[in-house]
Amino acid sequence: MENLKLIAQKMVSEGKGILAADESTPTCTKRFNALELESTSSSRQSYRSMLFTSPELEKYISGVILFDETFHQNITSSEKLIPLFLKERGILTGIKVDTGAKNLANYTTEKITEGLDQLRERLQEYYKKGADFAKWRAVITIDNQHHLPSKACIIANAHALARYAALCQENNIVPIVEPEVLMEGNHNIHTCYDVTSFTLQTVFEQLDLMNVNLEAMVLKPNMILPGLNCDTQENNSKIAEMTFEVLNKHVPKKVPGVAFLSGGQSSDLAAERLNKLNKLYHQKRPWQLTFSYGRALQQDALLNWAKKTGDDAQKALINRAKMNHLASIGKLD
Ligand code: 13P
């Protein structure tokens, strides 16, 4: 367990965050097709190779989360497998191990994340092939009109997250525990606070029940935000204040770090809000507050890559990585 604690600390070490590049093939295809890019195994390999070979990525990024396909690919035009390439750059390798969010029986407008079957065996294989950490994402939808989320959805997802986390630690892999309360909807910021509060409380109860070592995990939550279609959009100070409050209430001090997802915020807002959090709470926070962004790190890079300007794509990624590095120490101004 000591080694896992060190890896967890490294994942959230001061000034660094995580690049989430673990979009499933259907999600990646959707993003490519929106830019009229063909999505094939080799186009995904070139795009991700472009990301991972960006100069100085290791200055800002502690770890990268991969999808299974990428985990087994080489860096384009090299013999080197991607996990080994990352290791040689001093970057940790993460692997998405859930198999996606499926309809929850009897609550079919809600989702339960699956993937526990054969997870022990899959983790053992990933560990042998160089995985340092894993990710499992649960999704919670807010819909006031239909009284969502249900208690059933939150408890079932929290239970699955805890069983996943215990299995990861049993197999020498640090779990990223990701309960994502989605931004879609017209709910206000207080509803997001209440739902996130109950979700985090339930997740930590389940982690405790499953004897998960809190020093050897990383929490990946949403920030407290109003729904995308809510008429009242709060300012960044209010968002930072409510986000810190909910974390302070539920996240034990033993957890080494909180690495937020971007969840559909613009790249600028995701960085500015992380910055505000660290500016306001740098002295008070018992855990690191950093990023594990997918879209908010990759969006500009993907746009440039679509225009076939390889260098600019790498520059765009590094620009966002650097902005979030500064935000994670409250120095983005
Ligand atoms: P976004 O930052 O694009 O929300 O992706 C993070 C992630 O890993 C979702 O599971």
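Relevant structure appears above.
Residues numbered from 1 in each chain as written. Predicted model: local features only at pLDDT ≥ 70, side-chain atom pairs only at ≥ 80, totals over all residues. Heavy atoms only, no water.

(A) How the structure looks around the sheet that holds strand E6 (residues 133-140). The parallel closed barrel is built from eight strands, whose spatial order is E1-E2-E3-E6-E7-E8-E9-E10. Sitting on the sheet, helix H9 (residues 189-209) is in contact with E6, strand E7 (174-181) and strand E8 (218-219), with an inclination near 150 degrees to E7. Seen against the sheet, helix H12 (residues 295-306) touches strand E1 (17-21), strand E2 (61-66) and strand E10 (288-293) and runs at an angle of roughly 60 degrees to E1. (Pairing = 2+ DSSP bridges. Helix = DSSP H or I, 4+ residues; strand = E, 2+ residues; numbered from the N terminus. Contact = heavy atoms within 4.5 Å. Axes fitted to C-alpha atoms, helices over the stretch in contact; angles between N-to-C directions.)

(B) The arrangement of the pattern of salt bridges in detail. Tallying each qualifying case throughout the model produces 22 salt bridges. As a salt-bridge pair, Glu178 and Arg137 come within 3.9 Å of each other at their nearest N and O atoms. Here Glu178, found in strand E7, pairs with Arg137, found in strand E6; they are 41 residues apart in sequence, far enough to count as distant. By relative accessible area, which is 2% here, Glu178 ends up buried. When the shortest N-O distance is used, the salt bridge between Arg320 and Asp268 registers 2.8 Å. Taken together, the positions of Arg320 in helix H13 (residues 310-327) and Asp268 in helix H11 (residues 267-281) put the pair 52 residues apart, joining distant regions of the chain. You can call Arg320 buried: its relative accessible area is 9%. Put simply, Asp22, Lys135, Arg137, Glu178 and Glu180 are held in one network by salt bridges that share partners. (Salt bridge = Lys/Arg side-chain N within 4 Å of Asp/Glu carboxyl O. Buried < 20%, exposed > 50% of the residue type's maximum accessible area, 1.4 Å probe, protein only.)

(C) Geometry of the site of the ligand. By nearness alone, 13 residues border the ligand, and Lys135, Lys220, Ser262, Gly263 and Arg295 come closest of all. Within the backbone of Gly294, one N or O atom sits 2.8 Å away from an oxygen atom of the ligand. Contact with the protein chains covers 91% of the free accessible surface of the ligand, which is 300 Å². Mapped onto the shell around the ligand, the elements with two or more residues apiece are E6 and E10. Among the residues making up the shell around the ligand, the classes are represented as three nonpolar, four polar and six charged. (Near = heavy atom within 4 Å. Polar contact = N/O pair within 3.5 Å; in protein donor to acceptor, adjacent residues only side chain to side chain. Areas by Shrake-Rupley, 256 points an atom, 1.4 Å probe, with all protein chains shown as cover. Nonpolar A, V, L, I, M, F, W, Y, C, P; charged D, E, K, R; others polar.)

(D) Local environment of the packing of aromatic side chains. Following the criterion strictly, the structure yields eight aromatic pairs and no others. With a centroid separation of 5.8 Å and an interplanar angle of 40 degrees, the aromatic rings of Phe291 and Tyr293 are classed as tilted. By relative accessible area, which is 0% here, Phe291 ends up buried. On the basis of relative accessibility, which here comes to 0%, the residue Tyr293 falls in the buried class. Members of the aromatic cluster, each reached through a chain of ring pairs, are Phe32, Tyr47 and Trp305. (Phe/Tyr/Trp six-rings, centres within 6.5 Å; stacked < 30°, edge-to-face > 60°.)

(E) Spatial organisation of the nonpolar core. With 110 residues, the main nonpolar core has Met11, Phe52, Tyr164, Leu207 and Leu247 as its most contacted residues. Ranked by the residues each element gives to this core, the list is headed by helix H8 (residues 151-170), at 10 residues. Ignoring sequence-local partners within four residues, the contact set of Phe52 consists of Leu19, Ala21, Leu57, Val64, Leu66, Thr70, Ile75, Ile82, Phe85, Leu86 and Arg89. (Core = buried A, V, L, I, M, F, W, Y, C linked by side-chain atoms within 4.5 Å.)

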